[in-house]
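# Structural overview for review
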Amino acid sequence: MDTARPLPPRPRVIVTRRLLPQVEARMAELFDLVPSPDDRPMTRAQLEAAMRDCDVLVPTVTDMIDAAMIAGAGERIAMIASFGAGTDHIDLAAARAHRILVTNTPGVFTDDTADLTLALIILVSRRFSENARTLREGRWEGWAPSSMLGHSLSGKTLGVVGMGRIGQAVAHRARAFGLEIRYHNRHRLPPAVENMVSARYEPELDRLVAEADILTLHCPAGPETEHLIDARRLGLMKPGACIVNTSRGRLIDEEALIAALSHDRIAAALDVFEREPQVDPRLLAMPGLVALPHLGSATYEGRGAAGHKIVTNIRSWVDGHRPPDMVLPDLI
């Protein structure tokens, strides 16, 4: 097989964060593993040093690897085996120019993220988080027929923005709750897939935003989706609607979201944030917000499967085969 750059039999693999013990144990058997010593995010300088000292870098979706870092990495690094499905944290054009293979771990977090999305839809629609806070803070005055009311899901319109693996998994689950599903996507799905998840295509994103009772985002991050939901589109949402984001924080203009929440027009449920791990305290103070600390993929099963995918990708390359999860297939 024609390869971009051969690796030694036991490549030096630097991992930027701690992985599950069984994954690191398997990596140590097969590779010259350098695990994260303290599970803290690497600084830019540490990432640059790691890239100059390894054959394979295993970053996460929070490690930003730009063109300058890739250009300064030297000749040794041959592969970036990223932990996670997203690749917007890596400058893929620079990686291609320097003949560095890039792999990811698609599919392993689909069910976990879809489960969490449905949980957030229920939490925000029924105001569970807000009302639980009332109980914990000792402000609950007892049951009353007109207090602590949320909205039922049955018959409501769920607008899915981005109908890939996760969007389809969310739609599949939403059917059981009686939600009417509409979706917007760059390309319309085949009729058989639409029928399978009982979803109706909406070519105009603005119309979907305006008509959805619940809007859930499942798009990749990139220049074309930066602040996809801005002040104008938040203004299109109907009073009482809610927006859910388990994808990427940069899809929503948080400053505009804070303004919308402050007027109590809409509600929001977020698992990701624009500048995480820093989160604007004004946002967290909004009563209409349900917030989680990026837990979409946080299961033993999912994180373990992602780690083993990385092992498979690296080992396939070392053995002279095409890694199964190549992001830049034209390099082989």
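Everything numeric here is computed off the predicted structure, so don't read it as measured data.

Attention now moves to the overall build of the protein. Each helix and strand counted, the protein has 13 helices and twelve strands in total. Computed over C-alpha atoms, the radius of gyration of the protein comes to 22 Å, within 12% of the 20 Å expected from 2.2 N^0.38 for 332 residues, which places it in the range of a compact globule. The principal-axis extent of the C-alpha atoms belonging to the protein is close to 70 × 50 × 35 Å. Across the 332 residues of the protein, 49% fall into the buried class. Long-range contacts, defined here as pairs at least 24 residues apart, represent 61% of the contacts in the protein between residues at least 6 apart. Carbon and sulfur atoms make up 54% of the accessible area of the protein, which totals about 15,800 Å². Averaging the locations of the 38 positively and 42 negatively charged side chains of the protein gives two centres separated by 2 Å.

Our next topic: the sheet that holds strand β8 (residues 199-201). Ordered in space as β8-β7-β6-β9-β10-β11-β12, the seven strands form an open sheet in which the pairing is parallel. The open sheet is flanked by β8 and β12 (289-291), the only strands paired with a single partner. Each strand of the sheet is rotated relative to its neighbour by a mean of 20°, with strand direction disregarded.

Moving on: the UniProt feature "domain: D-isomer specific 2-hydroxyacid dehydrogenase catalytic" (unreviewed entry) in the protein. Those places that UniProt annotates as "domain: D-isomer specific 2-hydroxyacid dehydrogenase catalytic" (unreviewed entry) correspond, in this numbering, to residues 38-327. The span residues 38-327 shows a helical share of 37% and a strand share of 13%, and its end C-alpha atoms are spaced 29 Å apart.

This part covers the environment of Leu234. Along the chain, Leu234 turns up in helix α10 (residues 231-236). In this structure Leu234 comes out as buried when scored by relative accessible area, which is 2%. Through-space distance from the C-alpha of Leu234 to that of Val327 is 33 Å; in sequence the pair is 93 residues apart. If near-sequence neighbours (up to four positions away) are discounted, Leu234 is found in contact with Ile229, Ala256, Leu257, Ala260, Arg265 and Ile266.

Let's shift gears to the domain arrangement of the protein. Partitioning the protein into domains gives domain 1 (12-104 + 299-319) and domain 2 (110-139 + 146-291). Centre-to-centre separation of domain 1 and domain 2, based on C-alpha positions: 31 Å. In this complex, domain 1 contributes five residues to the contact, which on the side of domain 2 involves four residues. The largest share of the area that domain 1 buries against domain 2 comes from Val61, Asp88 and Thr299, three residues that together contribute 74% of it. The interface formed by domain 1 and domain 2 includes two salt bridges. The residue Asp88 makes a salt bridge to Arg250 at a minimum N-O spacing of 3.0 Å. Across the domain 1-domain 2 interface, the total number found is three residue pairs in polar contact (both at pLDDT 80 or more). A breakdown of the residues in the side of domain 1 that touches domain 2 according to their chemical character gives one nonpolar, three polar and one charged.

A few words now on the pattern of salt bridges. All chains considered together, the criterion is met by 27 salt bridges. Among the ionic pairs, Glu48 bridges to Arg44, the shortest N-O distance being 3.3 Å. In this pair, Glu48 and Arg44 are both assigned in helix α2 (residues 44-52), four residues apart and thus about one turn of the helix distant. What makes Glu48 partly exposed here is its relative accessible area of 25%.

A word on the layout of surface pockets. Each pocket or cavity is described by its volume, and for the second largest pocket that value is around 440 Å³. For the second largest pocket, the lining is made up of 28 residues, of which Val124, Arg127, His151, Gly240 and Ala267 are closest to its centre. Those elements that provide at least two residues to the lining of the second largest pocket are α5 (110-126), α6 (128-136) and β12.

Bringing a nonpolar patch on the surface into the picture now. On the surface, a nonpolar cluster with roughly 530 Å² of combined accessible area is contributed by Leu135, Trp140, Trp143 and Met148. By secondary structure assignment, the location of Leu135 is in helix α6.

Our focus in this paragraph is the UniProt feature "domain: D-isomer specific 2-hydroxyacid dehydrogenase NAD-binding" (unreviewed entry) in the protein. Following the UniProt record, one finds the feature "domain: D-isomer specific 2-hydroxyacid dehydrogenase NAD-binding" (unreviewed entry) at residues 118-296. Across residues 118-296 one finds 34% helix and 16% strand; the C-alpha atoms that close the span lie 11 Å apart.

With that settled, the discussion passes to the state of the cysteines. A complete count under the given rule lists zero disulfides for this structure. With no disulfide of its own, Cys219 has Cys242 as its nearest cysteine by sulfur position, at a separation of 16 Å. Taking relative accessible area as the criterion, Cys219 reaches 10% and is therefore assigned buried.

One can find Asn185 in the loop between β7 (180-184) and α8 (191-197). For Asn185, the side chain forms a polar contact with the main-chain nitrogen of Met163, separated by 2.9 Å. Within polar-contact distance, the side chain of Asn185 engages the backbone oxygen of His187 at 2.9 Å. Residues contacting Asn185, with those up to four places away along its chain left out, are Gly162, Met163 and Tyr201.

Scoring rules and cut-offs
- Residues numbered from 1 in each chain as written.
- Predicted model: local features only at pLDDT ≥ 70, side-chain atom pairs only at ≥ 80, totals over all residues.
- Heavy atoms only, no water.
- Helix = DSSP H or I, 4+ residues; strand = E, 2+ residues; numbered from the N terminus.
- Rg over C-alpha atoms; globule rule 2.2 N^0.38 Å.
- Buried < 20%, exposed > 50% of the residue type's maximum accessible area, 1.4 Å probe, protein only.
- Contact = heavy atoms within 4.5 Å.
- Areas by Shrake-Rupley, 256 points an atom, 1.4 Å probe, with all protein chains shown as cover.
- Lys, Arg positive; Asp, Glu negative; His and termini not counted.
- Charge placed at Lys NZ, Arg CZ, Asp CG, Glu CD.
- Pairing = 2+ DSSP bridges.
- Axes fitted to C-alpha atoms, helices over the stretch in contact; angles between N-to-C directions.
- UniProt positions renumbered as here; feature names shortened; annotations may be inferred.
- Domains from an automatic or database assignment.
- Buried area = accessible area lost by both parts, 1.4 Å probe.
- Salt bridge = Lys/Arg side-chain N within 4 Å of Asp/Glu carboxyl O.
- Polar contact = N/O pair within 3.5 Å; in protein donor to acceptor, adjacent residues only side chain to side chain.
- Nonpolar A, V, L, I, M, F, W, Y, C, P; charged D, E, K, R; others polar.
- 1 Å grid on protein atoms, 1.4 Å probe; cavity = no way out; pocket = protein on both sides within 12 Å on 5 of 7 lines; lining within 4 Å.
- Points joined across faces, edges and corners; volume = space filled by probe spheres on them.
- Patch = residues over 30% accessible without salt bridge, like charges linked within 9 Å, V, L, I, M, F, W, Y side chains within 5 Å.
- Disulfide = S-S within 2.5 Å.

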